[in-house]
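Read off the chains here:
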Amino acid sequence: MSDSRATAAPTRGVADLFSHGRLTAIPRRAARRQQLLDHLAETLFAPGRTYSEREVNDALLTVHEDCAALRRYLIIGGQLSRTKDGVSYRRAEPRAE
């Protein structure tokens, strides 16, 4: 399954985390991981669209095999929101600074 969203070039700053379009490792440092998660949310998920868990997993699998960890980090980091029943996900609105 090909997804043109996954082919978006990583933004400057996270490009060194990717090799051939795949994430080589999930950063341990919180600030670095936050940078990555912001990039993934912006490139893999459209604003205003609702996604099933399967769709979120499929999108994340295009860049890394541990989609569960990435999904969890995206929820905790605030880039994705999830309904209380866990059935649907949405890209979170950017935080006002």
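Definitions and cut-offs
Residues numbered from 1 in each chain as written. Predicted model: local features only at pLDDT ≥ 70, side-chain atom pairs only at ≥ 80, totals over all residues. Heavy atoms only, no water. Axes fitted to C-alpha atoms, helices over the stretch in contact; angles between N-to-C directions. Helix = DSSP H or I, 4+ residues; strand = E, 2+ residues; numbered from the N terminus. Parallel < 35°, antiparallel > 145°, perpendicular 65-115°, else oblique. Contact = heavy atoms within 4.5 Å. Phe/Tyr/Trp six-rings, centres within 6.5 Å; stacked < 30°, edge-to-face > 60°. Buried < 20%, exposed > 50% of the residue type's maximum accessible area, 1.4 Å probe, protein only. Lys NZ or Arg CZ within 6 Å of the ring centre and 35° of its normal. Pairing = 2+ DSSP bridges.

A.B. asks: Tell me about the packing of helix H1 (residues 30–44) against helix H3 (residues 67–77), and name the residues and values.
C.D. replies: Think of two packed helices as two axes; the pair is described by the angle between the axes and how far apart they sit. Viewed as axis vectors pointing N to C, H1 and H3 meet at an angle of 100 degrees, and their least axial separation amounts to 10 Å. Classified by the angle between their axes, H1 and H3 sit roughly perpendicular to one another. Contacts from Arg33, Gln34, Leu37, Leu40 and Ala41 in H1 reach Leu70, Tyr73, Leu74 and Gly77 in H3.

A.B. asks: Describe in detail the packing of aromatic side chains, supporting the description with residues and values.
C.D. replies: What the rule picks out here adds up to one aromatic pair. Taken together, a centroid distance of 5.2 Å and an interplanar angle of 85 degrees make the contact between Phe45 and Tyr51 edge-to-face. Taking relative accessible area as the criterion, Phe45 reaches 2% and is therefore assigned buried. Classification of Tyr51 by relative accessible area gives buried; the value is 3%. The aromatic ring of Tyr73 is capped on one face by Arg33, whose charged end is 4.5 Å from the ring centroid.

A.B. asks: Break down the sheet that holds strand E3 (residues 50–52) for me, with residues and values.
C.D. replies: Judged by pairing direction, the sheet is antiparallel, and its three strands sit side by side in the order E3-E5-E4 without closing on themselves. For this open sheet the edge positions go to E3 and strand E4 (80–82), each flanked by a neighbour on one side alone. Neighbour to neighbour, the strand axes of the sheet diverge by 35 degrees on average, direction disregarded. Seen against the sheet, helix H2 (residues 53–61) touches E3, E4 and strand E5 (88–91) and runs at an angle of roughly 85 degrees to E3. Lying on the sheet, H3 is in contact with E4 and E5; it crosses E4 at an angle near 95 degrees.

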